[in-house]
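# Structural overview for review
One letter stands for each residue in the lines below.
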Number of protein chains: 4
Amino acid sequence: MSKDTDTTAKERQRDADRSQGAILSAARDEFAEHGLGGARMDRIAERAGLNKRLIYYYFEDKETLFQAVLEQAYLHIREEERKLNLLELEPATAIRRLVEFTWVYYLENPQFLTLLNSANLHKARHLQESQRAREMNSPLIAMLGEVLEHGRREGSFRGGVDPLQLYVSIAGLSYFYLSNNHTLSAIFGRDLMTPKARNERLTHMCDVILGYVLK
Amino acid sequence: MSKDTDTTAKERQRDADRSQGAILSAARDEFAEHGLGGARMDRIAERAGLNKRLIYYYFEDKETLFQAVLEQAYLHIREEERKLNLLELEPATAIRRLVEFTWVYYLENPQFLTLLNSANLHKARHLQESQRAREMNSPLIAMLGEVLEHGRREGSFRGGVDPLQLYVSIAGLSYFYLSNNHTLSAIFGRDLMTPKARNERLTHMCDVILGYVLK
Amino acid sequence: MSKDTDTTAKERQRDADRSQGAILSAARDEFAEHGLGGARMDRIAERAGLNKRLIYYYFEDKETLFQAVLEQAYLHIREEERKLNLLELEPATAIRRLVEFTWVYYLENPQFLTLLNSANLHKARHLQESQRAREMNSPLIAMLGEVLEHGRREGSFRGGVDPLQLYVSIAGLSYFYLSNNHTLSAIFGRDLMTPKARNERLTHMCDVILGYVLK
Amino acid sequence: MSKDTDTTAKERQRDADRSQGAILSAARDEFAEHGLGGARMDRIAERAGLNKRLIYYYFEDKETLFQAVLEQAYLHIREEERKLNLLELEPATAIRRLVEFTWVYYLENPQFLTLLNSANLHKARHLQESQRAREMNSPLIAMLGEVLEHGRREGSFRGGVDPLQLYVSIAGLSYFYLSNNHTLSAIFGRDLMTPKARNERLTHMCDVILGYVLK
DNA sequence: GATGAATGAGTGTTCATTCAT
DNA sequence: GATGAATGAACACTCATTCAT
């Protein structure tokens, strides 16, 4: 009886994890597509291929689910950022790499942008309530500070650059272009997502940021 | 008879205009606060101090109302941009002024940011359906192009700068900081909206943008 | 002043009559198409090309308007029936003529059928409340009674025929065919409204009714 | 475990069926009383003793519910008609029996008449959209055709009688009397629903129909 | 762990009707 | 006589959520 039920317990756990994962993925897509207010629990269940009741079994309610989705999203980008290893690179290369990473990450994870928007629409209430999210407090700013310091000491970077300001600027340059892509396309009648346009944007952003940090 | 009825007709029209205006303002605030999906027609009516039915008298439905709000928002910023008269200024001053204007406008019209977010969440569908919005196609880009050209000919600006890229960058620098202010504050535990922090941001942005355009 | 205003008064009256007539016609069509519950005051105003408020000026409310429409409809068919002058015809011809008239009248006034349906759905409440309708108490039954009596005395008709029963039967034969035409067509997959089908129906009904009254 | 859950599953299904049945009955009464436009979903829920939301759980919307009610009504009368076994009777008796059945069925199922009216008001759109209704294509017409043929061969019936025409006539004679009973009573000031009046009507109808088919 | 049935409180929208001129 | 503006009550329909098993 012991081994058997043990196995079943493990299997059950695996099922449970898979279900939770399916729900989180489905919820992320739904929230990203429709926002918190527009998301439908029914559709999340359908997307996950699971019974709606199960969502409430694992997550208390819609708000809690949204919070879990946000936490997971932050967890993911933070992990990716950690892999960048900026400190092993030459300062200018490190900055360029960060610009590129940010651009590519937003491009490949468009849901992240709309989730961020939704989180901010609700004044980041869900993040403030999430210990985990606050604890994930990006080490990137510290890392970026070090890179800037290296560059300054090396003589290639200007001094007095606030790493947070720089981080926000790097993010903002990609974010606005991608997040408002539809509005901009509609108003200026120019497709901003062609491969060529995307390359031009990346070049432009590198020019702007490096033009600023380099002496 | 003529003058009298004329006056009353005018007054009636004024009432109608006032009602429509009240609805639009209320709707703008509600949509900005809760997004399209989270906005409540009841609350819009309440905010406007008018009967809910009247909203449907003047605007077809929620979507149409949202579109009207967006149109009005764009109309407003386009008007303000027009007043900048960048061409009368020295090129570097003009660029600085645009950066400042964008910053201040976003700061003073925080609803504009969330409306933009909502519009993009819905892939700018409401703008594409709005002839008016597309027709407002900002003359700012053209103006900015001329400024850049003046600067280049004058010898102070670098060449080859795409005015649209620059415009998006200027907007993005302010936008991300302000739009994600709550998230950033929550995660980095630093209040980004103190007068000091705001001044620092403005200085930083001018440095970044001018560092880029100036030779 | 007298002649002038006199003329205007007449003109006004004419306008008023025209407006009332337009409203009644519009209402008849709307009620016939959608029933009492499904009819929309807005659409009636639109159909009539008049302001909605005017309907309430002339008719108290929707129910009263419906009653007026019914009264008018009955008035009209009663007038047409009166013109038949059945008594001047040979009994068998008179009966045949009544069958034909009923058929053609229903065919040419399809709204009459649906109005009748609506009236009965509401248990003829609107007719009971209408003195006028009750006063129009068809002289047709009396006329029909005389025709039957002539025929009987003449020796061609059977005796003991209740004119009301006969009238109901004549009406019913046309009514069911036309009123349920859509249902019957859908279920039996046979178009009952082709000229040929219509002729066959008329022949059949004459056969049935005359087969009954003739000895 | 298996038997237990099996039983409960069945019970649940029975509950679900009971709920659906309750909704259909309630809807049939409500639609019959007020027509499609006048029927209220709230009242249907109340009549069924169930939550309004459940109606939408089982039936898509009001129109679909109406369609389901119509389907059920047709199903029911078709089943009853099938039980008549007209072919086992002597031709004249068969016809008389059909007249009686139609009369009694309409009398005992007054909702059927108003449902039919509503269906026709909407041009049988709900039937056309219902495959099931069309498939129920009454075998009665075929049966009636055989009866007529028997009678003709036997020498008691006239020839050349279209069974569809006859069916429509039989139905129409009962239908008009019962469906317009209120209007007729109001106008002719005669109660058509006393037992005596009802008997007279049945006699009259048999006379009319048999007078037609018999040689 | 998983699910079908059920629900109370909304949600956008519509309706007949009235006000004011 | 005629009308544009305004409204309260209701309407079909939806939503997040819970019950029972």
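Residues numbered from 1 in each chain as written. Chains lettered and ligands numbered in written order. Predicted model: local features only at pLDDT ≥ 70, side-chain atom pairs only at ≥ 80, totals over all residues.

All right, on to the UniProt feature "DNA-binding region" (unreviewed entry) in chain A then. The residues that UniProt annotates with the feature "DNA-binding region" (unreviewed entry) are residues 40–59 of chain A. Along residues 40–59 of chain A the backbone is 75% helical and 0% strand, and the end-to-end C-alpha distance reaches 15 Å. (UniProt positions renumbered as here; feature names shortened; annotations may be inferred. Helix = DSSP H or I, 4+ residues; strand = E, 2+ residues; numbered from the N terminus.)

Moving on: the relation of the copies chain C and chain D. For the pair chain C and chain D, the relating rotation is 180°, the translation along its axis is 0.0 Å, and the fit reaches an RMSD of 0.1 Å. Taken together, the turn and the small shift mark the pair as related by a two-fold rotation axis. (Least-squares fit on C-alpha atoms with pLDDT ≥ 70 in both.)

Next up on the list: the arrangement of the chains. There is a gap between chain B and chain C: no contact, and a shortest C-alpha distance of 13 Å. Separated throughout, chain B and chain D approach each other most closely at a C-alpha pair spaced 21 Å apart. (Contact = placed C-beta atoms within 7 Å.)

Expressed as a screw operation, the relation of chain A to chain B combines 0.0 Å of axial shift with a rotation of 180°, fitting to an RMSD of 0.1 Å. Residue by residue, 100% of the interface of chain A is reproduced at the interface of chain B, so both copies engage with the same surface.

Let us look at unusual backbone geometry. Residues and elements named next belong to chain A. The backbone phi angle of Asn85 is positive, close to 50°, even though this residue is not glycine. Residue placement: Asn85 occurs in the loop between α4 (62–82) and α5 (91–108). We classify Asn85 as exposed; it has 10 C-beta atoms within 10 Å. (Buried ≥ 20, exposed ≤ 12 C-beta atoms within 10 Å, placed from the backbone.)

Turning our eyes to something else, we now look at the packing of α4 of chain A against helix α6 (residues 110–121) of chain A. All names here are of chain A. Taken N-terminus to C-terminus, the directions of α4 and α6 make an angle of 130°; their axes are 11 Å apart at the nearest point. The orientation of α4 with respect to α6, classified from their angle, is oblique. Here the hand of the crossing between α4 and α6 comes out left-handed. Across from Val69, Leu70, Ala73 and Ile77 in α4, the residues of α6 making contact are Phe112, Leu115 and Ala119. Of the residues that constitute the contact of α4 with α6, the class distribution is 7 nonpolar, no polar and no charged. (Axes fitted to C-alpha atoms, helices over the stretch in contact; angles between N-to-C directions. Parallel < 35°, antiparallel > 145°, perpendicular 65-115°, else oblique. Left-handed = near helix turned anticlockwise from the far one by under 90°. Nonpolar A, V, L, I, M, F, W, Y, C, P; charged D, E, K, R; others polar.)

Moving on to helix α2 (residues 41–48) of chain A. All names here are of chain A. Those residues of α2 that sit buried are Ile44, Ala45 and Ala48. Around the axis of α2, the buried residues are gathered within 100° of arc, so they sit on the same side. At the exit of α2 stands Gly49, carrying a positive phi of roughly 70°. (Arc of directions from axis to C-beta.)

A few words now on the interface of chain C and chain D. For interface size, the figure often reported is the accessible area lost on association. On the chain D side, the residues contacting the 46 residues of chain C number 46 residues. Of all the secondary structure elements, the ones that give two or more residues to the side of chain C that touches chain D are α1 (2–38), α6 (110–121), α7 (125–128), α8 (131–135), α10 (163–179), α11 (181–188) and α12 (195–213) of chain C. Of the residues forming the side of chain C that touches chain D, the biggest block, 11 residues, is contributed by α10 of chain C. The residue inventory of the side of chain C that touches chain D, partitioned by class, reads 21 nonpolar, 19 polar and 6 charged.

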